Amino acid sequence: MLDRLSTPQEELESEELQEDAETTTGCTRIAATGDRQLVTVTGTLRTVTLRPRAGVPALEAELFDGTAPLDVVWLGRRSITGIEPGRKLIASGRVCMNHGRRVLFNPKYELKPLGRE
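None of these values were measured; they are calculated from a predicted model.

Thresholds applied
- Residues numbered from 1 in each chain as written.
- Predicted model: local features only at pLDDT ≥ 70, side-chain atom pairs only at ≥ 80, totals over all residues.
- Heavy atoms only, no water.
- Helix = DSSP H or I, 4+ residues; strand = E, 2+ residues; numbered from the N terminus.
- Core = buried A, V, L, I, M, F, W, Y, C linked by side-chain atoms within 4.5 Å.
- Buried < 20%, exposed > 50% of the residue type's maximum accessible area, 1.4 Å probe, protein only.
- Contact = heavy atoms within 4.5 Å.
- Salt bridge = Lys/Arg side-chain N within 4 Å of Asp/Glu carboxyl O.

(A) Spatial organisation of unusual backbone geometry. One non-glycine residue, alanine 54, adopts positive backbone phi at about 55°. Relative to the assigned elements, alanine 54 resides in the loop between strand 1 (38–50) and strand 2 (58–64). With a phi angle near 55°, histidine 99 is a residue other than glycine that sits in the positive phi range. Tracing the backbone through its elements, the reader meets histidine 99 in the loop between strand 4 (88–98) and strand 5 (101–105).

(B) How the structure looks around the nonpolar core. One finds Val41, Leu63, Leu70, Trp74 and Ile83 to be the most contacted residues of the largest nonpolar core, which totals 17 residues. For this core, the secondary-structure elements that each account for two or more residues are strand 1, strand 2, strand 3 (69–75) and strand 4. Once residues within four sequence positions are removed from consideration, valine 41 is found in contact with Cys27, Thr28, Ile30, Thr33, Leu63, Leu70, Leu89, Ile90, Ala91 and Leu104.

(C) Quick look at the pattern of salt bridges. With the rule as written, the count across this model stands at five salt bridges. The salt bridge involving arginine 51 is made with glutamate 60; its shortest N-O contact spans 2.7 Å. Overall, arginine 51 belongs to the partly exposed group, its relative accessible area being 42%. The partner of arginine 53 in a salt bridge is glutamate 60, with the nearest N and O atoms 3.0 Å apart. Residue classification places arginine 53 among the partly exposed residues on the basis of a relative accessible area of 26%. Residue glutamate 60 is classed as buried on the basis of its relative accessible area, which comes to 9%.

See the structure below:
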């Protein structure tokens, strides 16, 4: 108990996210993904930003599973209902490396129900 009280909040949240990823069947930890690999990952959206790419609207979110961040980008979208910071989701697609960061473009995704978080 004393150990949990002295552990930083961010580290505790990271551990909880890792446990959640382990219990979700078929999901890979983000830190274990490689360039050009087809993956299914799960985590919590930390940020959601509208950031145009080459003049095309793009909704960009950072997904974090407790091991590493992953940028999720929906090209041609200004917003998506339910995609907001703090929301948990499962995303599938091909990981690519862009400027040293893992990115999923236009992934297949599933929002986790509210209330189970």
